[in-house]
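Observations on the model geometry
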There are 2 protein chains.
Amino acid sequence: MRLARRSLAALSLAIAPARAQTDPLPSWREGPRRRAILDFVAAVTTPGTADFVPPPERIATFDNDGTLWVEQPVYTQLLFARDRLRALAPTHPDWAQDALLNAALAGDMPAVLAGGSAGILRLLGLALGGLSPDAGRRLAAEWLATARDARWGRPYTALVYQPMLEVLALLRAHGFKTFIVSGGGVEFVRAFSETAYGIPPHQVVGSSFALQPGQADGRITLTMEPRVDFVDDGPGKPVGIARFIGRRPIAAFGNSDGDWHMLRYTTEGAGRRLGMIIHHDDAAREYAYDRQSHVGRLARGLDDAPARGWHVASMRQDWAHIFPGA
Amino acid sequence: MRLARRSLAALSLAIAPARAQTDPLPSWREGPRRRAILDFVAAVTTPGTADFVPPPERIATFDNDGTLWVEQPVYTQLLFARDRLRALAPTHPDWAQDALLNAALAGDMPAVLAGGSAGILRLLGLALGGLSPDAGRRLAAEWLATARDARWGRPYTALVYQPMLEVLALLRAHGFKTFIVSGGGVEFVRAFSETAYGIPPHQVVGSSFALQPGQADGRITLTMEPRVDFVDDGPGKPVGIARFIGRRPIAAFGNSDGDWHMLRYTTEGAGRRLGMIIHHDDAAREYAYDRQSHVGRLARGLDDAPARGWHVASMRQDWAHIFPGA
């Protein structure tokens, strides 16, 4: 028992007094978005008020690509899939007949992206197919440990957004459970979510491949098939939330039209809600893209935000820092 | 921040000192099973030892029917489905042509049980089909609030096992996350898991029906179809664990051969593990059944327990009390 008591005490010390003394959102510049987050948290956690939400119902969901880390010029999981497929290609001569695979192996990312999320998930499925979920996650973790982003020369896990890490910490310090709800393959995201965001595997909802149970060497095995069995994107996000979380979030953060349904599902619930879109409008410090982008296209979200009360955070204006350690 | 700090402090006060002073398993009689649980918890939570497991990996999974609450003479969710189907039957004259539905409507439970878990899930799917997950859960909660078990005349949620509530509390006080991994329909279990066991919806893995996203009255809707899309039983339990929890448990509790794969998957992992089977051998205080039972059949588990190091807890010998407040 001593350990449990000490861990809880340490946790409480680590988060609460530090925040109470200092600014919980130092990377957010003063303005309506920063205030929207702080006001929302104060409102739903102040007992005795109309907006109060009991801790078990404090669920916040976050898209990953473009919301918690960089998604340009291509989704990171696609670069992982490309590298893995290149390693596997010599034993799969049949892949040469396949246009999508050929584009991936050649590194022709515009051609791959033109295939949309179905094509990307198909490539990831071929990259991970035949592996156990654990093995797939290990492979992704090993790749992430050595791969470097071309623009910054840094590991992809260093390209997470400091302002969003602060939002995650703020919400958790106020009794929220924070979930990732990503269109990305769930095992790829789980490979780094705990170290990068403090989000454990069971709080990651993502797209997935069919899992085949079996046996080998007297042990139970689980094998990922290359067949996608759930696409956690667009209308799939509310489905994933209902299935995995089992509760409508009271706050949701996204950045693309793939998050539109999640934002709606969240903010259509009764009571005080927070919906926020991260708008990539900072080509100097990160990227600038929205309506015309193949990656992270954002059009409906911008159109609907005012009427739906969603906050559009401007990277350029609202974020004093983009990456940790800046 | 004050609230978060106070909730954590309250939580820590509620569980830790009470346990440190008193017996954490008062309903478990002295003996090998009680010692197995306490030794396991001490081993995996003592830093600096070979068996130490860091808190994020302290995952424990529990079957529900027959492990956390009574499953005889028939699974409770089947009684809920029967009552719901009876209410719906007048508007479904076609159901009269269906042998399984006829048996359910007539209350002929032996005939229904002969159809196995596929038949039971089919009935539950028809009972819940067309509803949202939230509406299905509300309906189940309403039913549970008024339905009474025939033998004890008590609500089904009062027929949870006090010794298992103590195990859940003990594990959580030591940094474990506790999950239900049930063959039952996930929304039925979520209807009472938080109040009965302190297990939130996102820590309930269960069988599920296809969820259809849509729209009505300008809002996003989710509708359960009567079609089962995941059976979280037998070989499906490791699949459900990998998909929803994303981590191999280090402890698992079950009572029937539907838990055999989960027990294997758990105890085949490296390092110290705990596998335990609750053996229903107490006809006087609860029920006595195993190899011949249609509900909660237990044969392979009993055969394999010695070689696999699984502990078989005897309700009669190991449990001083069965139900809370006894």
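As the structure is a prediction and not an experimental result, all values here were calculated from the model.

1. Considering the nonpolar core
One finds A:L123, A:L124, A:I180, B:L123, B:L124 and B:I180 to be the most contacted residues of the largest nonpolar core, which totals 152 residues. Not counting residues within four places of it along the chain, the set of residues in contact with A:L124 comprises A:Q77, A:A81, A:G185 and A:F188.

2. Points about the packing of helix α10 (residues 236-245) of chain A against helix α11 (residues 260-267) of chain A
Residue and element names in this part refer to chain A. It is the contact of α10 with α11, at a shortest axis distance of 7 Å, that shows an interaxial angle of 55°. Regarding the angle of α10 to α11, the classification is oblique. Side by side, α10 and α11 meet where K237, P238 and I241 of the first sit next to H261, M262 and Y265 of the second. The residue inventory of the contact of α10 with α11, partitioned by class, reads four nonpolar, one polar and one charged.

3. Section: the sheet that holds strand β5 (residues 251-254) of chain A
All names here are of chain A. Taken in spatial order, the seven strands line up as β4-β3-β2-β1-β5-β6-β7 in an open sheet, and their pairing is mixed. Both outer strands of the open sheet, β4 (219-230) and β7 (311-314), are each paired with one neighbouring strand and no more. Going across the sheet, the axis of each strand differs from the next one's by a mean of 30°, ignoring polarity. Relative to β5, strand β1 (residues 59-62) runs parallel, the two sharing three bridges. For A60, the partnering residue across the bridge sits in β5 and is A251. Sitting on the sheet, helix α2 (residues 32-45) is in contact with β5, β6 (274-279) and β7, with an inclination near 130° to β7.

4. Concerning the domain arrangement of chain A
Residues and elements named next belong to chain A. Domain boundaries assigned for chain A yield domain 1 (24-72 + 156-318) and domain 2 (76-146). Measuring from the centre of the C-alpha atoms in domain 1 to the corresponding centre in domain 2 gives 25 Å. Secondary structure elements with two or more residues in the side of domain 1 that touches domain 2: β2 (177-185), α9 (186-197), β3 (204-216) and β4. Element by element, the count of residues in the side of domain 1 that touches domain 2 is highest for β4, at eight residues. Considering only residue class, the side of domain 1 that touches domain 2 consists of twelve nonpolar, eight polar and five charged.

5. Regarding the environment of A:V74
All names here are of chain A. Its place among the elements puts V74 in the loop between β1 and α3 (76-88). Sequence separation between V74 and T157 is 83 residues; the distance between their C-alpha atoms is 15 Å. Those residues in contact with V74 that sit more than four places away from it in its chain are L79, M109, L113 and V295.

6. Structural notes on the sheet that holds strand β2 (residues 177-185) of chain B
All names here are of chain B. Strands sit in the order β4-β3-β2-β1-β5-β6-β7 across an open sheet of seven strands; the sheet is mixed. Strand pairing shows two members of the sheet lacking a second neighbour, β4 (219-230) and β7 (311-314), which therefore form its edges. Across the sheet, the mean angle from the axis of one strand to that of its neighbour is 30°, orientation sign disregarded. Bridge analysis of strand β6 (residues 274-279) against β7 gives four bridges, and the strand direction is parallel.

7. Some thoughts on the confidence of the model for chain A
Residue and element names in this part refer to chain A. Averaged over every residue, the pLDDT of chain A is 93; residues scoring 70 or more account for 93%. Here residues 1-20 is modelled with pLDDT under 50, and outside its nearest four sequence neighbours on either side it reaches 31 contacts, counting other chains as well. Here the complex is predicted with pTM 0.93, and the ipTM for its interfaces comes to 0.92.

8. Points about the environment of A:F323
Residues and elements named next belong to chain A. Mapping F323 onto the fold places it in the segment after α13 (315-318). In this structure F323 comes out as buried when scored by C-beta crowding, with 20 C-beta atoms within 10 Å. Linking F323 and S27, residues 296 residues apart in sequence, is a C-alpha distance of 9.5 Å. Setting aside anything within four residues of it in sequence, one finds F323 in contact with A158, L159 and Q162.

9. Describing the packing of helix α7 (residues 133-146) of chain B against helix α9 (residues 186-197) of chain B
Residues and elements named next belong to chain B. Packing of α7 against α9 brings their axes to within 8 Å, and their N-to-C directions diverge by 55°. Taken together, the axis directions place α7 and α9 in an arrangement best described as oblique. Of the two possible hands of crossing, α7 and α9 adopt the one that is right-handed. Between α7, through P133, G136, R137, A140, A141 and L144, and α9, the contact on the second element is made entirely by E187, F188, R190, A191 and F192. For the contact of α7 with α9, the per-class residue count stands at seven nonpolar, one polar and three charged.

10. Topic: the pairing of β7(A)
Of the two faces of β7(A), only the one carrying A:H311 and A:A313 is buried; A:V312 and A:S314 on the other face are not. Read as a crossover between parallel neighbours, the route from β6(A) over helix α12 (residues 300-308) of chain A to β7(A) is right-handed.

11. Some points on α9(A)
All names here are of chain A. Extensive coverage of α9 is indicated by the burial of ten of its twelve residues. Along α9, the residues classified as buried are V186, E187, F188, V189, R190, A191, F192, S193, A196 and Y197. Looking at the buried side of α9, the elements it contacts are α3, α6 (116-128), α7 (133-146), α8 (162-173), β2 and β3. Positive backbone phi, at 70°, marks G198, one or two positions downstream of α9.

Rules behind the numbers
- Residues numbered from 1 in each chain as written.
- Chains lettered and ligands numbered in written order.
- Predicted model: local features only at pLDDT ≥ 70, side-chain atom pairs only at ≥ 80, totals over all residues.
- Core = buried A, V, L, I, M, F, W, Y, C linked by C-beta atoms within 7 Å.
- Buried ≥ 20, exposed ≤ 12 C-beta atoms within 10 Å, placed from the backbone.
- Contact = placed C-beta atoms within 7 Å.
- Axes fitted to C-alpha atoms, helices over the stretch in contact; angles between N-to-C directions.
- Helix = DSSP H or I, 4+ residues; strand = E, 2+ residues; numbered from the N terminus.
- Parallel < 35°, antiparallel > 145°, perpendicular 65-115°, else oblique.
- Nonpolar A, V, L, I, M, F, W, Y, C, P; charged D, E, K, R; others polar.
- Pairing = 2+ DSSP bridges.
- Domains from an automatic or database assignment.
- pLDDT = per-residue confidence, 0-100.
- Left-handed = near helix turned anticlockwise from the far one by under 90°.
- Right-handed = clockwise from strand over helix to strand, strands pointing away.

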